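Listed below, chain by chain, are the residues.
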Amino acid sequence: MIRPFHIRSGLLGLSVLVLVGCSTEKNSFVSRTYHRLTARDNGWFNANEKLKESVAAMEKANVDDFDEVLPIFVYGTDDQAKAMVPDMEKCIEKCGTVIERHSMEIGNKEVNSWIDDAYFVMGKSHFYKRSYFEAERTFDYVSRHFKGQNRQLESKLWYARTAIQNEQYAKAQSALDEVKGQKVLPKRFPHDQLSAIQADVNLKRGKVDDAIVDLEHAVEIASNRTQRVRWMFILAQLYMAKGMEEKAIAQFNKVARSHPPYELGFQAEIFQALSFDRGNAAVLRKKLKRMRRDEKNKDHYDLIEYAMADIDLKENLDSSAIVHLKTSARVSTIDTRQKAKSFLKLADIYFDDKKYPPAQQYYDSTSALLAETHKRYEEVKVRAEVLTELVEQLDIIAREDSLQAFAKLDPEEREKRVRKLIKERERAEEEKAQAELEAREVNPNGTPTTDNKPKPGGELNAWYFYNSTQLARGLAEFKKKWGTRTNEDDWRRKDKAGSATALNTEEPEPEEVDGKDKKDGEAAWKDPASYLKDVPTDTASLDASNAKICSAMYIAGTIYKEKLKDLDNAIESFEVLNNRFEECRYTPESYYQLYRIYLAKEKTGTFFDLDGKGSAYYSNIIIERWPQSEFARLVRDPNQLLADDELRKKEEMDYADLYRQYRERNYLSVISACNTVLADQPKNHLLAKHQLLKALSVGGMRDVNAFRLALSDVMSKFPGSDEAKAAADILAALDKQTNGSTGSAPPDVVAAPEYVSDDGPHFVALVFPNADGDINSTKVKISDFNQANYRSLIFQVGNSLLDMDNQIIKISPFESKQQAMEYYELFMANREQLVGVNDQSYATFAISAANYATFYKNKDIDAYASFFTTNYLEGE
């Protein structure tokens, strides 16, 4: 229908009047209404929905670590935050448009009530993408600029959250105190969030009792059911941490009855068992057995078994606990962290019982599964290494004992046993060959096939190593059981020579060379002579075997004494050595170790010599049998050892002072001091270090020829030492230099450029080799990355010539080191726009304006890369 001309003209005129009346500078009813509605229903609504959607997805994907007290708020991982950046940038861009087009600041007061909401969403978007500097600035602006409006005090809460993430707990507490000091809070103010954030601050400060009080209040008034259940669980964990077992069990029970998400509910049931400390455990055991029968818990059978073991341990039922823990490790399907916990608990049980071989196995397996961030990672790693050293020695003793026992058999009996071993091996090889044949002849559908090659079209037959599905399944199963392991022989052993599975049979194994005998290609294990190769049948080989046992016993004893602090086993190891051998390589040392052990016991004042074997007994033997030895000297004057220790400490302090002077480039004085030590202190235990430090100081004098000679001196005077190896490495690096100029010192010895720490304005720089082609395509990719991830910011991407081989791409501006590092981390993690850029090993780093000037002048990429790693990456 066509309207009459005068009606159309009237509508057009009305539209013009409305538009004119809707100016952001005019405080009229029409203007306020128009801009409020447009701000709310267009930009703000869409941005807020996108924010809620992204946060919900992140929270849904979150995987909690129930070995630790759960975080009160879920913020996701670094990778999740990086994945949220594009959506958060869209939210920021939409809110920026709302503010730009609809802000009505009249008389220094914002009259559009939705502008503070737009800033609030913008601040939260910065927060979730971990741009905490921008988030803090935005929340602070809202709390100061929009006094009396609905988002003012809520922005204070998020300001406190941001400060917590920056570990600025005093600043967070100040913001919370300001909110608490308000006489009247808005009607819809989130009181539960205030209490929860206060609990978070207290937890971060280690004030667990105060955190419990705040969290109890938050749970009581929580409006969000999901958050309430989570906070209840955390509250139960805190009760458990404070030893309030009954309250913890009751609280976990409340969580389980609150219809929580499956994982939280399951963990609440398990934690009831883990919280048990005393009393009747029958009810808990019954509940755990019922849970184990439930099919939906099949992926958590390992955790159920672990909880049953925990109850057993608390009731001193160690044997039953070990059974449950082994079952837990065996049935583990998806949770390698739980497998690591079971292995670790088993390792601790065996270690406490001084059963070191099985403890070594389980510590070794634990170290392969345990995350490096775990609080016991270093302890487990050290124990695994120490026990591997011990088990290696125990293996040597067991093997040599078995070989000697085998040698004592008459020749006919030896031959009989060897033939038996060969027959057993033949049977095992036949079974293995049959299994491989069947695997080749059966495809995934169970039908025979004779073709072991890939079928046309990429389809594979049944042979295991041509079947990608079977390979993937096998790899997954392997990782479930053993974690990520290096592909190498003896992968279960930390030290390939030391394993808990010592050779304890009386029959020796054959020596194989690539599985074949050199003579006719027959397997070595088929040759009876190969089994007798190491059997000590004559005096010389028996002496050699005994020497190995003597050495292993002594080393094992020192490991017990020094590294495990297990004096009982140390004494036993040394005494067995002394009783077994009248005189061997370590007999004097063994007696001296026993002397030192008993001397230390006697000094405690609680030791009573019941069998007459105190320190005096062993000192008399040492003086009588080895009167001119160093051990006799130390026994006659026990204070001499203390004096020697003091001398070593002084030598270490003097060397540390020299090294400090070297770092300060006082090369001449360092060379002079090193010469004095090398000439006058021939027994200084740090002579090799002084020789190397002298060489490095010579290098600092910028004379390469003299530097080479000084390094050669280190190698010739201290062959085989770590310092000699270091000198050889430096010489090799000098040899690789293409410009063999003798007028300057090598780059790794010449003093590095002076870079300084700076939190101010920064750039992000990338060194681009000219040999890699056109730099413009790389700049375009970086610009695309910036557009996709930082829509609200404008970056400059420029390049300049660094040297004859490289150009440098500089991205700017960044107001602070923190902003530059946030960009750097997202830049390096991106796998979309930056393919072919951040995966090419180009030197990429954040750098301050002052350091950039130094870098561009010196053009020493390695030197700044070292500074960046130490002061930026390691600091992070």
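Residues numbered from 1 in each chain as written. Predicted model: local features only at pLDDT ≥ 70, side-chain atom pairs only at ≥ 80, totals over all residues. Heavy atoms only, no water.

## What about the pairing of strand β3 (residues 762-769)?
Within β3, seven of the eight residues are buried, which leaves the element mostly enclosed by the surrounding structure. Bridge count between β3 and strand β5 (residues 806-814): seven bridges; the pairing is antiparallel. Within β5, the residue paired with F768 across the bridge is Q807. Alignment of β3 against strand β6 (residues 844-848), held across five bridges, turns out to be antiparallel. Along β6, the bridge assignment pairs F763 with I847. (Buried < 20%, exposed > 50% of the residue type's maximum accessible area, 1.4 Å probe, protein only. Helix = DSSP H or I, 4+ residues; strand = E, 2+ residues; numbered from the N terminus. Pairing = 2+ DSSP bridges.)

## Comments concerning the confidence of the model for the protein chain
Residue-level pLDDT values for the protein chain average 81, and 83% of them are 70 or greater. The low-confidence segment residues 443-473 (pLDDT under 50) makes 35 contacts with residues lying over four places distant or belonging to another chain. Contacts of residues 512-518 to residues separated by more than four positions or lying in other chains number 14 contacts, the stretch itself having pLDDT below 50. (pLDDT = per-residue confidence, 0-100. Contact = heavy atoms within 4.5 Å.)

## Describing a positive patch on the surface
A surface patch of positive charge is lined by R225, R228, K254 and R257. Secondary-structure assignment places K254 in helix α11 (residues 245-256). By relative accessible area, K254 is classed as partly exposed at 43%. (Patch = residues over 30% accessible without salt bridge, like charges linked within 9 Å, V, L, I, M, F, W, Y side chains within 5 Å. Areas by Shrake-Rupley, 256 points an atom, 1.4 Å probe, with all protein chains shown as cover. Salt bridge = Lys/Arg side-chain N within 4 Å of Asp/Glu carboxyl O. Lys, Arg positive; Asp, Glu negative; His and termini not counted. Charge placed at Lys NZ, Arg CZ, Asp CG, Glu CD.)

## Notes on the state of the cysteines
Taken as a whole, this structure holds one disulfide when the rule is applied. Across the disulfide, C550 is cross-linked to C584 (sulfur-sulfur distance 2.1 Å). Where C550 bonds to C584 through sulfur, the torsion about that S-S bond is close to 60°, and the disulfide is right-handed. Here C550 is found in helix α22 (residues 539-563), whereas its partner C584 is found in the loop between α23 (567-580) and α24 (587-603), with 34 residues between them in sequence. One exposure class covers both C550 and C584, and it is buried. (Disulfide = S-S within 2.5 Å.)

## Here we look at the layout of surface pockets
Considered as a void within the structure, the second largest pocket measures approximately 1,300 Å³ in volume. G76, D78, R130, Y132 and Q165 are the residues nearest the centre of the second largest pocket, which is lined by 44 residues in total. Where the lining of the second largest pocket is concerned, the elements lending two or more residues are α3 (78-102), α6 (152-165), α8 (191-204), α33 (817-829) and α35 (861-873). Sorting elements by how many residues they give to the lining of the second largest pocket places α33 first, with six residues. Here the residues of the lining of the second largest pocket sort into 18 nonpolar, eleven polar and 15 charged. (1 Å grid on protein atoms, 1.4 Å probe; cavity = no way out; pocket = protein on both sides within 12 Å on 5 of 7 lines; lining within 4 Å. Points joined across faces, edges and corners; volume = space filled by probe spheres on them. Nonpolar A, V, L, I, M, F, W, Y, C, P; charged D, E, K, R; others polar.)

## Quick look at the sheet that holds β3
With antiparallel pairing, four strands are arranged side by side in an open sheet as β4-β5-β3-β6. The two strands at the open ends of the sheet, each matched to only one other strand, are β4 (796-801) and β6. Within this sheet the neighbouring strands show an average axis-to-axis angle of 30°, counted without direction. As judged from the six bridges shared by β4 and β5, these two strands associate in the antiparallel manner. The partner of G798 across the bridge, within β5, is K810. Each of β3, β4 and β5 is contacted by helix α32 (residues 775-789), which is oriented at about 20° to β5, the strand it contacts most. (Axes fitted to C-alpha atoms, helices over the stretch in contact; angles between N-to-C directions.)

## As for the nonpolar core
Judged by nonpolar contacts, the single largest core of 141 residues is most densely connected at Y128 and W231. Broken down by element, this core gets its largest block of residues, nine residues, from helix α10 (residues 225-241). Once you skip the residues sitting within four places of it in the chain, Y128 turns out to touch L51, V55, M58, V74, Y75, A81, M84, M88, W158 and R161. With 37 residues, the next largest nonpolar core counts I775, F814, F845 and I847 among its residues. (Core = buried A, V, L, I, M, F, W, Y, C linked by side-chain atoms within 4.5 Å.)

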